[in-house]
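Here are the chains, one letter per residue:
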Amino acid sequence: MAPILEINNLYKNYGSVEILKDINVAIEQGDFLVLVGPSGCGKSTLLNCIAGLEPITKGSMAIGGQDMTNVSPKDRDIAMVFQSYALYPTMTVAKNITFGMKVRGIDPAIQEEKLTYVAQQLQIEPLLKRKPGQLSGGQRQRVAMGRALVRDPKLFLFDEPLSNLDAKLRVEMRTEIKALHQRLGASMVYVTHDQIEAMTLATKIVVMKAGVIQQIGTPAEIYNRPANLFVADFMGSPAMNLIPAKTKANGNGMQIEIARKDGDPIMLTDTRNQDLPENVIIGVRPEDIADASSVRSGDTQEADCLIDIVEPAGADTFAVMQLGGKHVTARLHSETTAAAGAAQRLAFDLGKVSYFEPETGLRLN
Ligand code: ADP
Ligand code: MG
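Just so you know, these numbers come straight off a predicted model, no measurement behind them.

About the thresholds
- Residues numbered from 1 in each chain as written.
- Chains lettered and ligands numbered in written order.
- Predicted model: local features only at pLDDT ≥ 70, side-chain atom pairs only at ≥ 80, totals over all residues.
- Heavy atoms only, no water.
- Helix = DSSP H or I, 4+ residues; strand = E, 2+ residues; numbered from the N terminus.
- Expected span 1.5 Å × (residues − 1).
- Buried < 20%, exposed > 50% of the residue type's maximum accessible area, 1.4 Å probe, protein only.
- Contact = heavy atoms within 4.5 Å.
- Near = heavy atom within 4 Å.
- Polar contact = N/O pair within 3.5 Å; in protein donor to acceptor, adjacent residues only side chain to side chain.
- Areas by Shrake-Rupley, 256 points an atom, 1.4 Å probe, with all protein chains shown as cover.
- Nonpolar A, V, L, I, M, F, W, Y, C, P; charged D, E, K, R; others polar.
- Pairing = 2+ DSSP bridges.
- Axes fitted to C-alpha atoms, helices over the stretch in contact; angles between N-to-C directions.
- Salt bridge = Lys/Arg side-chain N within 4 Å of Asp/Glu carboxyl O.

## Here's the deal with helix 4 (residues 137–149)
Its 13 residues place the ends of helix 4 18 Å apart at the C-alpha level, agreeing with the 18 Å of an ideal helix rising 1.5 Å per residue. For helix 4, the complete set of buried residues consists of G138, Q141, R142, V143, A144, M145, G146, A148 and L149. Buried residues belonging to helix 4 abut strand 6 (78–81), helix 2 (93–103), helix 3 (108–121), strand 7 (155–159) and helix 5 (167–184).

Take a look at the structure:
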């Protein structure tokens, strides 16, 4: 089967400014594609190009195997949900949802049927007679989604649909969108600057920076094997520790030397990676540094580390130290004995680390 969405060598300029550069993405039916990256990196522009709201400068795009490069938005069989819900204030919820179908001259009986189905899916049946002004932000968001759902399109496009909601509601709606996606099996492209939203919702993530795709992969691939320092730093909270280190072959593998603020450097042995250059950035997730006393097994190497700050955070406690001239965060159990100003024996999981080339920032292992 043809990919539900296929973008080839897409470029987008505004005047002489190149906003999107050589974008190549394909997704299958049922995929939940999340475009994530910092503000201004071109996510909305790309979504608008997919929708046909912005012409593309170069390249091509197909939806459901049909070339859409020069097709107008209304003929693309897509439905879009924006950050600003753009509901008609004078119409009831029911009218807001059915309006598009009415315009397209859909049989009123079918309109009613679709309205009932969508209202049930979104649990907004009790709200159908209200006007948008009588709804909370979360309810308005549901209505905006309802308007997209009744279209039953080939592709749903979402542009930061949750960013106007408060933190708690955002998490709730995130779960609901995921459940909805699973129930409908629909294909979605979803824009967010929030890496947690990206990780939790996506079947496939595109990480963007300054109009250029940095990496495409499943959430696990992006998290475990970031392609470069930008992705490593952007995806994950607290962020991956990125520590300058020196390496040397030592017969068993590579010896990794990390400078310490006081005292001798830490020496770790990595038996999995060979042929690393002398200077690297080693990437270690906070959860891959643990109290040595609590580690059962794994590919770990221990070292005494002077803890600067201890931050209890409920289930976890974060311990911050200085290694290789950087603040390094370890995610420890809440029962840790780590204390500020004291040394703590920590275990580094060398089976999970990433290495990056310091100049290019590219992944080495
Ligand atoms: P994001 O959604 O990732 O925050 P956008 O796609 O909105 O980013 O914007 C990407 C870049 O394109 C930004 O630098 C923005 O200033 C620029 N841009 C967006 N729309 C226009 C426009 N209509 N004319 C000129 N530049 C634009
Ligand atoms: Mg945007």
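## Some points on the site of ligand 1
Neighbouring ligand 1 are Y14, I19, P38, S39, G40, C41, G42, K43, S44 and T45. Interatomic distance of 2.9 Å between a side-chain N/O atom of K43 and an oxygen atom of ligand 1. In this structure, an oxygen atom belonging to ligand 1 sits 2.5 Å away from a side-chain N or O atom of T45. Burial of ligand 1 by the protein chains amounts to 56% of its free accessible area of 560 Å². Per element, the largest residue contribution to the shell around ligand 1 is 3 residues, and it comes from helix 1 (residues 43–51). Considered class by class, the residues forming the shell around ligand 1 number 4 nonpolar, 5 polar and 1 charged.

## A few points about the sheet that holds strand 20 (residues 354–356)
Spatially, 13-12-11-14-20 is the arrangement adopted by the 5 strands of the open sheet, whose pairing is antiparallel. Looking along the sheet, the strands with just one partner apiece sit at the ends: strand 13 (266–270) and strand 20. Mean inter-strand twist for the sheet, computed between neighbouring axes without regard to direction, equals 40°. In terms of strand pairing, strand 14 (residues 279–284) meets strand 20 through 3 bridges, oriented antiparallel.

## Overview of the pattern of salt bridges
By the definition in use, this model includes 13 salt bridges. We note a salt bridge from R331 to E287, for which the minimum N-O separation is 3.9 Å. Residue R331 is found in strand 18 (residues 326–333), and its partner E287 is found in the loop between strand 14 and strand 15 (289–291); the two are separated by 44 residues along the sequence. Residue D288 is joined to K352 by a salt bridge in which the shortest nitrogen-to-oxygen separation is 3.8 Å. Of the two residues, D288 sits in the loop between strand 14 and strand 15 while K352 sits in the loop between strand 19 (343–349) and strand 20, which places them 64 residues apart along the sequence.

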